[in-house]
Amino acid sequence: MEVECRMKNQENYIFEYLDENDFRKKERSVRKYNMLAYKKLTFEYYPELRKGNFLGTKISSNEQDNTDSYELELPTDALFTKIHGSIKLHYIVYVNKNIILLTNITPEEILDEGHRSELSTYKGVMISNVNRDKDIFKINLLNKLNK
């Protein structure tokens, strides 16, 4: 279920990072391997978040800290999703402080590996160098099931 909340006042939210270096590495991997998701994130989702339009699914609320945690699924190829999982942006909104804490982009394993070394593709899908045989097996199995 998609949730969209509107901000009551017109102040813009600012971005902060749990670990900016790690977040930027994953962001660059998304740019390198899924340009559509990167463009949506940069030119559509980030501006909306800054305006206070919290996109995605609300995961939890902490009334003590007055925070809300969200998970926003980025556009991803269906086969990539079946092999590695959906690409998701995780963030926490500090409502009283007008701060959005960008915490993570998942799936971490493939994005971290994509930053460290050049990933290869098999039948149009990015595959891990570490779990190469497993990923190829999954792709072949899914292709046979779809025939």
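Look up: the structure comes first, before these words.
Now for a quick tour of the structure.

**Brief notes about the side chain of Asn53**
- As for its placement among the helices and strands, Asn53 is situated in the loop between helix H2 (35–51) and strand E2 (57–62).
- For Asn53, a relative accessible area of 7% gives the class buried.
- A distance of 2.4 Å separates polar atoms of two side chains, one belonging to Asn53 and the other to Glu48.

**Structural notes on the sheet that holds strand E5 (residues 99–106)**
- The strand order across the open sheet formed by 5 strands is E1-E5-E4-E3-E2, and the pairing between neighbours is mixed. At either margin of the open sheet sits one strand with a lone partner, and together these are strand E1 (14–17) and E2. Across the sheet, the mean angle separating the axes of adjacent strands is 25° when strand polarity is ignored.
- Where strand E3 (residues 67–73) lies against strand E4 (residues 88–94), 7 bridges are found, and the strand directions are antiparallel. Following the sheet pairing, Asp68 is matched in E4 by Val93.
- Against the sheet, helix H1 (residues 20–33) contacts E1, E4 and E5, and its axis sits at roughly 55° relative to E5.
- Strands E1, E3, E4 and E5 of the sheet are contacted by H2, whose axis makes an angle of about 20° with E4.

**Description of helix H5 (residues 132–146)**
- In this model H5 runs 21 Å from its N-terminal to its C-terminal C-alpha over 15 residues, within 8% of the 21 Å that 1.5 Å per residue would give.
- Restricting attention to buried positions, one finds in H5 the residues Asp135, Ile136, Ile139 and Leu142. What you see down the axis of H5 is that its buried residues fit within an arc of 130°, all on one side. The exposed residues of H5 that point more than 90 degrees off its buried face are Asp133, Phe137, Lys144 and Leu145.

Parameters and conventions
Residues numbered from 1 in each chain as written. Predicted model: local features only at pLDDT ≥ 70, side-chain atom pairs only at ≥ 80, totals over all residues. Heavy atoms only, no water. Helix = DSSP H or I, 4+ residues; strand = E, 2+ residues; numbered from the N terminus. Buried < 20%, exposed > 50% of the residue type's maximum accessible area, 1.4 Å probe, protein only. Polar contact = N/O pair within 3.5 Å; in protein donor to acceptor, adjacent residues only side chain to side chain. Pairing = 2+ DSSP bridges. Axes fitted to C-alpha atoms, helices over the stretch in contact; angles between N-to-C directions. Contact = heavy atoms within 4.5 Å. Expected span 1.5 Å × (residues − 1). Arc of directions from axis to C-beta.

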